[in-house]
Amino acid sequence: MKKLLIFPVRLYQRFISPLLPPSCIYHPTCSAYMIEAIEKHGLKGVLMGVARILRCHPFAQGGEDPVPDRFSLRRQKPKD
């Protein structure tokens, strides 16, 4: 099931992303985040990835935003 969910993201990374200028403000990129979230959380990882994509806009702060160990649709606060 996870492979089926990851497949479209891999297609995007391989064929669409190289045609676009680099513009991701987060690390890891949104597509890498989606894959990691699916690997960690299964179907809920898709929701996490979509929430991340919706957070990705020119007015967002950006920076480090790793996939949390527990399911959450919110950005994780950086640890000091």
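Computed from a predicted structure; not experimentally measured.

Enquirer: Explain the nonpolar core to me, please; I cannot follow it from the model alone.
Expert: A general tendency of soluble globular proteins is for nonpolar side chains to be buried together. Core analysis: the biggest nonpolar cluster contains six residues, these being Leu5, Ile6, Val9, Met34, Ile35 and Ile38. Every element with two or more residues in this core is listed here: α1 (2-16) and α2 (30-41). With residues up to four places along the chain from it excluded, the contact list for Met34 reads Val9, Gly45, Val46, Gly49, Val50 and Ile53.

Enquirer: Looking at this structure, how should I read the packing of aromatic side chains?
Expert: The description of an aromatic ring pair uses the distance of the two centres, along with the angle that the planes make with each other. In this structure the tally under the stated criterion is zero aromatic pairs. For the cation-ring pair, Lys44 lies above Phe71, with the distance from its terminal atom to the ring centre recorded as 5.3 Å.

Enquirer: Sorry if this is basic, but what is going on with unusual backbone geometry here?
Expert: Trans peptide bonds make up most of the peptide bonds, and negative phi angles are found at most residues other than glycine. With an omega of 0 degrees, the peptide bond running from His27 to Pro28 counts as cis. By secondary structure assignment, the location of Pro28 is in the loop between β1 (26-27) and α2.

Enquirer: Mind showing me how you'd approach α2 here?
Expert: When the terminal C-alpha atoms of α2 are compared, their 16 Å separation across 12 residues agrees well with the 16 Å that a helix rising 1.5 Å per residue should span. Where α2 is concerned, the buried positions are Cys30, Ser31, Tyr33, Met34, Ile35, Ala37, Ile38 and His41. Those residues of α2 that are buried are in contact with α1 and α3 (43-55). The first or second residue beyond α2 is Gly42, which carries a positive phi of 65 degrees.

Enquirer: How do you make sense of the side chain of His41 when you look at a structure like this?
Expert: For His41, the location among the structural elements is in helix α2. A distance of 2.9 Å separates a polar side-chain atom of His41 from the backbone oxygen of Pro68. When neighbours within four sequence positions are excluded, His41 is seen to be in contact with Met48, Val67, Pro68, Asp69, Arg70 and Phe71.

About the criteria used
Residues numbered from 1 in each chain as written. Predicted model: local features only at pLDDT ≥ 70, side-chain atom pairs only at ≥ 80, totals over all residues. Heavy atoms only, no water. Core = buried A, V, L, I, M, F, W, Y, C linked by side-chain atoms within 4.5 Å. Buried < 20%, exposed > 50% of the residue type's maximum accessible area, 1.4 Å probe, protein only. Helix = DSSP H or I, 4+ residues; strand = E, 2+ residues; numbered from the N terminus. Contact = heavy atoms within 4.5 Å. Phe/Tyr/Trp six-rings, centres within 6.5 Å; stacked < 30°, edge-to-face > 60°. Lys NZ or Arg CZ within 6 Å of the ring centre and 35° of its normal. Expected span 1.5 Å × (residues − 1). Polar contact = N/O pair within 3.5 Å; in protein donor to acceptor, adjacent residues only side chain to side chain.

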